[in-house]
Structures are given as structure tokens and as C-alpha cells.
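Each chain is listed here by its residues.
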Amino acid sequence: MTLGNFDGVHRGHQAILGRVAEVARREGGEAVALTFDPHPIAVLRPDRAPPAIMSLRDKIQFIAAAGIDVLLVQHFTPAFAQISAEDFVARFVVERLAATRLVVGHSVSFGHARRGDAALLETLGRRQGFAVEVVGPVRADGHDVSSSAVRRAVTAGDLPLAATLLGRPHRLGGRVVRGRQRGAAIGFPTANVRVAAGMFPPDGVYAVRLERGGVWLDGVANIGTNPTFGTGPRTLEVYLFDFDDELYGERVSVAFVERLRGEVAFESVEALVAQIGRDAEQARALLATRP
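The sections below set out a description of the structure shown in this document. This structure is a prediction, so every number in the text was calculated from the model and none was measured. (Residues numbered from 1 in each chain as written. Predicted model: local features only at pLDDT ≥ 70, side-chain atom pairs only at ≥ 80, totals over all residues. Heavy atoms only, no water.)

**What about the sheet that holds strand β12 (residues 235-240)?**
Then, in step 1: Pairing is antiparallel in the closed barrel, where six strands are placed in the order β8-β9-β12-β11-β10-β13. For this sheet the average axis-to-axis angle between neighbouring strands, irrespective of direction, equals 45°.
Then, in step 2: The pairing of strand β8 (residues 170-177) with strand β13 (residues 251-261) spans six bridges and is classified as antiparallel. Bridge pairing in β13 links L172 to V254. (Pairing = 2+ DSSP bridges. Helix = DSSP H or I, 4+ residues; strand = E, 2+ residues; numbered from the N terminus. Axes fitted to C-alpha atoms, helices over the stretch in contact; angles between N-to-C directions.)

**Observations concerning the nonpolar core**
Then, in step 1: F88, V89, L102 and F110 are the most contacted members of the largest nonpolar core, which has 24 residues in total.
Then, in step 2: Mapped onto this core, the elements with two or more residues apiece are β2 (32-37), α4 (78-81), α5 (85-96), β4 (101-105) and α6 (118-128).
Then, in step 3: With five residues, the top contributor of residues to this core is α5.
Then, in step 4: If we skip the residues at most four places from it in the chain, L102 touches M1, T2, L3, V93, L121, F130, A131, V132 and E133.
Then, in step 5: Core analysis: the second largest hydrophobic core is formed by 19 residues, L159, V176, Y206 and V252 among them. (Core = buried A, V, L, I, M, F, W, Y, C linked by side-chain atoms within 4.5 Å. Buried < 20%, exposed > 50% of the residue type's maximum accessible area, 1.4 Å probe, protein only. Contact = heavy atoms within 4.5 Å.)

**Topic: the pairing of strand β11 (residues 215-224)**
Then, in step 1: Taken across its ten residues, β11 has seven buried, putting it largely inside the fold.
Then, in step 2: The sheet contact formed by strand β10 (residues 204-212) and β11 spans nine bridges and is antiparallel. Across the sheet, the residue bridging to V208 is G219, located in β11.
Then, in step 3: Linking β10 to β11, which pair antiparallel, is a turn of two residues; within it G213 sits at a positive phi near 60°.
Then, in step 4: In this structure, β11 lies alongside β12, joined through six bridges in antiparallel fashion. Note that in β12 the partner of V220 across the bridge is Y239.

Below is the structure:
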């Protein structure tokens with residue numbers, strides 16, 4: 001088994017989860033992961049809580065894809081935070097899950113005041129009969145992989161770096177809802193994706209891929225308030241190339257491949273339409289070069 005927040009399920013997390021799955025298959029056991037929701041810092045220090053990279057729904061999906069058989073999601077509360085590291089191991093690792101091997105990241109922390117670490121796990125493992133394996137740190141193309149590094153890349157709009165750290169493009173999932181129909185009125189009908197949770201890159205225009213029922217479609221997206229039309233709510237709108245089907249009510253996932261430009265208030269709708277055309281051409285050409 002393993003334990004952690006796994007926000008982003010980045011390449012470092014994938015190394016840990018993959019190792020758990022590998023050992024479980026080899027030894028004829030089950031690959032188990034224990035994660036927490038909400039993020040402990042959001043409960044203990046909400047003023048310092050980092051933005052969630054992805055929704056719990058997406059985290060579950062990516063953890064399963066890494067080969068985990070059983071995922072336990074522990075609701076994190078102030079009362080749960082009071083459990084000592086030693087009691088946590090006794091109650092969860094030994095008694096409830098009967099783990100024979102615990103695979104953790106090198107920076108793992110758990111228990112009251114985060115006093116549990118890899119060294120404590122190794123000590124407790126020798127006493128209570130489970131093996132401990134420490135994974136990491138993990139680097140990708142010369143970059144240290146961590147959830148904090150992913151957040152910095154997304155915040156900066158550096159989607160290629162985020163993809164390097166994640167092992168895939170950064171994604172946001174949501175349901176397609178009806179918007180103000182402005183895109184259709186100007187010749188670029190868009191899917192208005194309502195995102196419940198996850199980390200937005202900066203406002204602007206992006207080359208994207210949208211996943212619908214297991215099929216990926218190329219497109220261009222805008223994140224922002226549509227300032228050409230005045231003030232409005234922040235939205236994620238996706239224009240799909242060569243697509244004329246209905247998406248209303250469907251759940252989709254939007255993968256951000258690269259940022260094309262920032263959001264701009266244009267002097268006229270005609271100027272906006274011309275720029276969207278150029279954005280679409282640029283996105284088509286860029287996505288044609290990406291697997």
C-alpha cells in the first residue's frame with residue numbers, strides 16, 4: 001500500500017503508485033492507496049492552502065489508471081488530524097489493511113503535527129512486521145517533480161513544463177452548460193465547460209484537446225471574462241475544429257497543450273472574430289505537431 005495526497009498524480013506519484021502495483025502483482029496481493037480529502041492544509045491552515053491541481057474525481061481516475069486495485073479516501077477533519085503518527089500506522093496500516101509492504105515517497109509526512117516520516121515508518125515496520133520502500137526524488141527533463149512545481153508551472157501558464165512534470169497535459173474536467181450563445185452568433189460555437197474543482201491556468205487563449213466519451217477532439221479555448229462584451233463571469237469556452245454535434249449536459253475533460261496569448265478586449269466584434277480565426281489556425285498547426 002501507499003499513502004499520500006497525490007494532488008496532480010504527477011510523475012513522482014506515478015512512480016510510487018506504479019511500484020505498489022508492480023509489487024502487488026508479483027506477490028499476489030492487492031495494490032492499495034490511501035489518500036485524503038480535502039487537502040490537510042485546507043483544514044488546518046485554510047489561509048495557506050494550495051490550490052487543488054485537480055478534482056477528487058480526476059484524482060481517483062488517474063490513481064486507478066496507475067494500477068491501484070483499492071483506493072481509500074479518508075475524509076480529513078480536525079479530529080482526524082489529532083491522530084499520532086504511531087496510532088495512524090497501528091490503526092490503518094496494520095489493523096485495518098494488514099499491509100505487508102508500504103511504498104512511500106521520500107518526503108512523506110503524516111500524523112499529528114506531521115511528525116511521521118519515512119524514517120519512522122521504517123522503525124515501526126521492523127516492530128510491527130511490514131516492509132517499507134522509499135521512492136524518489138523523481139526528476140523529469142532536469143526538473144524536480146512535485147505538486148508545488150506543477151502549481152508554479154500552471155500559474156505561470158507554462159503548460160509544456162506542467163505536462164513534463166505531470167506526464168500528460170494539465171486537465172480540467174466539467175460539464176458542458178448553456179452559455180450566452182455569443183460564439184455561435186459570430187461563427188465560432190463554443191462548449192461552455194463548468195469546472196467544479198481544479199487549477200485554472202491564467203486567463204487567455206489555449207490550444208487544447210477535449211475528451212468526450214474516450215475520443216479526443218482538437219480545439220482552441222478561452223479562459224476569461226470576454227471583456228470585448230463588457231464585464232462577465234470567468235468562463236472556460238472551447239471551440240472544436242470540424243465539430244457540429246451537441247455537447248450540452250455531457251461531462252468532458254479539457255487538456256491544455258499550450259498558451260497562445262493573453263485575453264484582450266477588442267475594439268469591435270469584427271476584430272475579435274478575425275483574431276479567433278488566427279488563434280484557431282495557430283492552434284491547428286501546433287496540435288498537428290503534438291502526439
